[in-house]
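These are the residues of each chain, in order.
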2 protein chains.
Amino acid sequence: MNNTLVILPPAEHALRAEKIRRQLTATGADGVLIHTYVNIYYLTGRIFTGYIYLPVQGDALYFVKRPVGMSHEGAVEIRKPEQIELPGQPHKIALELDNLSYTAANRLSAVFPYAEITNGSGAIAMARAVKTPYEIEQIKASGIKQERVYRKIPKLYHDGMTDIELQIEIERLSRLEGCLGLFRTNGDTMELFMANVLAGENADSPTPYDFAMGGRGIDASIPVGADGTVIRPGESVMVDANGNYTGYMTDMTRTFAAEPLSDQAMRAHRCSIEICHRAEAMAKPGTEASAIFHMAEETAREADLHNYFMGHRQKAGFVGHGVGIEINELPVIAPRSTYRLEKGNVIALEPKFVIPQVGAVGIENTYVVTDNGLQCLTNAPEQIVIFE
Amino acid sequence: MNNTLVILPPAEHALRAEKIRRQLTATGADGVLIHTYVNIYYLTGRIFTGYIYLPVQGDALYFVKRPVGMSHEGAVEIRKPEQIELPGQPHKIALELDNLSYTAANRLSAVFPYAEITNGSGAIAMARAVKTPYEIEQIKASGIKQERVYRKIPKLYHDGMTDIELQIEIERLSRLEGCLGLFRTNGDTMELFMANVLAGENADSPTPYDFAMGGRGIDASIPVGADGTVIRPGESVMVDANGNYTGYMTDMTRTFAAEPLSDQAMRAHRCSIEICHRAEAMAKPGTEASAIFHMAEETAREADLHNYFMGHRQKAGFVGHGVGIEINELPVIAPRSTYRLEKGNVIALEPKFVIPQVGAVGIENTYVVTDNGLQCLTNAPEQIVIFE
């Protein structure tokens, strides 16, 4: 097809389309109609408002509402979904039913009265869970820039600074380094602004959101993260910042402090590093995601730190998650996961502890699964960093 | 009920609940089950992951998944929606079908096999479109802080600065002033990072998003806003920043420049101000939203600026929108709107122009509808501001 709309290299587009097609087989669909920005970005390397029909056999079709004028790039320009015409009237069409609103899904289904509708969200999520070499390069590029930011964080601190003041300077530094700011999440249980900076006991404040750590926030309308606490000697400052320097994110956490922390906190931090290093060696293609969680939990238990593992007053139910275009992709590293790792999975592992009177300690790295174990893409120093 | 979960003043909670109940009448529902964060925030003044059942008669019930431990505040703690039990088995339950995913809506519907399910999204949106005096105070507070930031913008500029560099300093200033950063939107056609700063001809780049203005962005994964253009004399810099200093936003745009712009651009900017001032006088309870759009368009036409009104290569189909917890609430100020203004509506009006070779000019203000017309809540100077 004469199509200039796809800005990915043609082989890359073909590879991603093929990965989706393979996953679609299980649904029996003749094709999938894609509407969400993240999946449009996945298939084309760009964002438009509209639809892509990716048939199991044949080339993709592009129906674009905005921006206007994309017909010369190979798109059919539409004003509303009712104008979508699919050749050959497919018998079974997959829609992104986990992400489209109920109203939108019904409206879209009604456009194809001849077709059975099925859910394609899971198939695309499974395809996206295994990154292509091209995607891994994007994630690596984000990781390098994020590392550069993290190395400068100790210089940002001054005595008497609050957590939110530090966060604002980290945000600025990240943006100057090229961070896009926007933080794409899947589902309806996450809201965050660019970073989670947790100082001292604020780390023990439960949050409504599905994050590993909490924090009160500075306003009841967004109860997570920094709450205006003054950073004090003897308390930890955990920085979990947004690593989207490309359309693909890295997720990295490091712990900072004005002076060395209590023995228990230092020990918990070393335990977090130990869990990551054990995971690096054990996680290979075929490893069960649940086994990594159990290893992490067991390592914490052996160190008698189980009560503080993944939170204290409120605990997270996972120790890691896939990351890519969105912060919470497959696989989830959780006790009941049935996922077995594949080469090309990119996962963030965040074995963290909340120590009373001290705060949150531990690290988070983003890794790609290789035949030899995990390769780390977020290479800032792992020990607790003392502010300069 | 012994309930400490609602942190709004009790009379304010009662007023909002009553406004929703009144709108629900048209749906015939016995109650509405609320899950989205924005509507949970509307009814309680806080955010949790879970559900509120607001019956047409009787007190609301709270089912909370996260944070844990809210039973002592009057909530029923649940792990999954299947644990929700509604007293008296209502015959007809409204769900937020415009916002819940298809999958989530079906799962939730299945919890109530005895009930007919209807859509409550529109009823809540209509209730939220008319702000209470308490909400208007929140919006005013945001407007005062946003104005403070805008007055400092001219000092941020230096020769040779790019649009994104300026934006980063505006972001920092906003955050230091208390901006929460997070930008809540309704629907699936908006993504933005905190501000839209458009310098020169970048303003004429069409965007996929449903914003009034465009911009290429700095990466294909988020094609809107600043693109790294160096700010040049003779070109405009439009700053449309995120005004969420409370859980309620103001929306304000001002235009800046390093030196006075072309006559046509200056004229278009004055036309934008003129449109706002005409709207301030004409928009009263009972005024049709569409009439304001037509007045704006007609004013632009009289000034022979119609080709540049609300965009040049790509035009927006509206000149204003409701604003509150989300940036795009009801009413929409658009040609086909059937909405008649009510006292307490809060609307942002943004009659903007994109002038070739110059860029975007015009202003945006947030107003509350009063018996005497519009009261402006975003009171920074309206003329084009020359950088210091």
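Residues numbered from 1 in each chain as written. Chains lettered and ligands numbered in written order. Predicted model: local features only at pLDDT ≥ 70, side-chain atom pairs only at ≥ 80, totals over all residues.

Colleague: Can you explain the overall build of chain A? Please cite residues and give values.
Modeller: Within chain A, the regular secondary structure consists of eight helices and 17 strands. Taking 2.2 N^0.38 as the reference for a compact globule, 388 residues should give roughly 21 Å; the C-alpha atoms of chain A span a radius of gyration of 22 Å, in line with that estimate. Burial analysis of chain A (388 residues in total) assigns 55% to the buried set. Long-range contacts, defined as pairs at least 24 residues apart, comprise 68% of the intrachain contacts of chain A with a sequence gap of at least 6. (Helix = DSSP H or I, 4+ residues; strand = E, 2+ residues; numbered from the N terminus. Rg over C-alpha atoms; globule rule 2.2 N^0.38 Å. Buried ≥ 20, exposed ≤ 12 C-beta atoms within 10 Å, placed from the backbone. Contact = placed C-beta atoms within 7 Å.)

Colleague: Describe the sheet that holds strand 11 (residues 329-333) of chain A, with residues and values.
Modeller: Residue and element names in this part refer to chain A. On the basis of which strands lie adjacent, the open sheet formed by five strands has the order 11-10-12-15-16 and antiparallel pairing. Lying at the two open borders of the sheet, with one neighbouring strand each, are strand 11 and strand 16 (373-376). Strand after strand, the sheet turns through a mean of 30 degrees between neighbouring axes, direction not considered. Two elements, strand 10 (residues 320-322) and strand 12 (residues 346-349), share three bridges in a ladder whose sense is antiparallel. What sits directly across from His321, in strand 12, is Ala348. (Pairing = 2+ DSSP bridges. Axes fitted to C-alpha atoms, helices over the stretch in contact; angles between N-to-C directions.)

Colleague: Any details on the interface of chain A and chain B? Residues and values, ideally.
Modeller: Each side of the interface is counted separately: chain A has 45 residues, and chain B has 45 residues. Among the elements that line the side of chain A that touches chain B, the one with the most residues is helix 6 (residues 163-176) of chain A, at five residues.

Colleague: An account of the relation of the copies chain A and chain B is requested, with residue identities and associated values reported.
Modeller: For the pair chain A and chain B, the superposition axis carries a translation of 0.0 Å, the fit reaches an RMSD of 0.0 Å, and the rotation angle comes to 180 degrees. What we have between these two chains is a two-fold relation. An overlap of 100% is found between the interface residues of chain A and their copies at the interface of chain B, pointing to a shared contact surface. (Least-squares fit on C-alpha atoms with pLDDT ≥ 70 in both.)

Colleague: A description of the pairing of strand 1 (residues 31-34) of chain B should follow, citing residues and the corresponding values.
Modeller: Every regular strand shows the same layout, with side chains that alternate between the two sheet faces. Residues and elements named next belong to chain B. Residue alternation in strand 1 divides its side chains into two sets, Gly31 and Leu33 and Val32 and Ile34, and both sets are buried. Where strand 1 meets strand 2 (residues 49-55), four bridges bridge the pair, whose relative direction is antiparallel. Its bridge partner being in strand 2, Ile34 is matched across the sheet by Ile52.

Colleague: Please provide a residue-by-residue account of the packing of helix 5 (residues 133-156) of chain A against helix 6 of chain A, values included.
Modeller: Residues and elements named next belong to chain A. Following both chains from N to C, one finds helix 5 and helix 6 inclined at 140 degrees, their axes separated by 10 Å at the closest point. In terms of orientation, helix 5 lies oblique with respect to helix 6. As helix 5 packs across helix 6, the resulting crossing turns out to be right-handed. Each of Val149, Lys152, Ile153 and Leu156 in helix 5 lies in contact with helix 6, whose residues at this interface are Leu166, Glu169, Ile170, Leu173 and Ser174. (Parallel < 35°, antiparallel > 145°, perpendicular 65-115°, else oblique. Left-handed = near helix turned anticlockwise from the far one by under 90°.)

Colleague: Tell me what's going on with helix 6 (residues 163-176) of chain B, and back it up with residues and numbers.
Modeller: The end-to-end C-alpha separation of helix 6 of chain B is 20 Å, in line with the 20 Å expected for 14 residues at 1.5 Å each. For helix 6 of chain B, every residue scored as buried is listed here: Asp163, Glu165, Leu166, Gln167, Ile168, Ile170, Glu171, Ser174 and Arg175 of chain B. Tucked into the core, helix 6 of chain B has its buried residues touching helix 6 of chain A together with helix 5 (133-156), strand 7 (195-199) and strand 8 (236-243) of chain B. Just beyond helix 6 of chain B, the residue with positive phi is Gly178 of chain B, at close to 110 degrees. (Expected span 1.5 Å × (residues − 1).)

Colleague: Account for the sheet that holds strand 7 (residues 195-199) of chain A, naming residues and giving values.
Modeller: All names here are of chain A. Reading across the sheet, the four strands line up as 7-8-9-17 and stay open at both edges, with mixed pairing between neighbours. Both outer strands of the open sheet, strand 7 and strand 17 (385-386), are each paired with one neighbouring strand and no more. Strands in contact with helix 6 are strand 7 and strand 8 (236-243); relative to strand 7, the strand with the most contacts, it is inclined by about 150 degrees.

Colleague: How would you summarise the domain arrangement of chain A if you had to cite specific residues and measurements?
Modeller: All names here are of chain A. We note that the domain assignment places domain 1 (10-128) and domain 2 (130-386) within chain A. When each unit is reduced to the centre of its C-alpha atoms, the spacing between domain 1 and domain 2 is 33 Å. With nine residues of domain 1 at the contact, the number on the domain 2 side is nine residues. Mapped by element, the contributors of at least two residues to the side of domain 1 that touches domain 2 are helix 1 (10-24), helix 2 (37-44) and helix 4 (121-129). (Domains from an automatic or database assignment.)

Colleague: Can you lay out the environment of Tyr339 of chain A for me, pointing to particular residues and giving the numbers?
Modeller: Residue and element names in this part refer to chain A. The residue Tyr339 is located in the loop between strand 11 and strand 12 in this model. Taking C-alpha positions, Tyr339 is 6.0 Å from Glu288, a pair spaced 51 residues apart along the chain. Sequence-distant contacts of Tyr339, defined by excluding residues within four places in its chain, comprise Ala289, Leu330 and Pro331.

Colleague: Explain the environment of Pro154 of chain B to me, using residue names and the numbers behind them.
Modeller: Residues and elements named next belong to chain B. Residue position: Pro154 is located in helix 5. With 13 C-beta atoms packed within 10 Å, Pro154 lands in the partly exposed category. Sequence separation between Pro154 and Ile386 is 232 residues, and the spatial gap between their C-alpha atoms is 6.9 Å. Beyond its immediate sequence surroundings of up to four residues, Pro154 is in contact with Phe256, Val385, Phe387 and Glu388.

Colleague: Break down the confidence of the model for chain A for me, with residues and values.
Modeller: Overall, the prediction assigns chain A a mean pLDDT of 97, with 99% of residues at 70 or greater. Scored as a whole, the predicted complex attains pTM 0.97, and scored at its interfaces, ipTM 0.97. (pLDDT = per-residue confidence, 0-100.)

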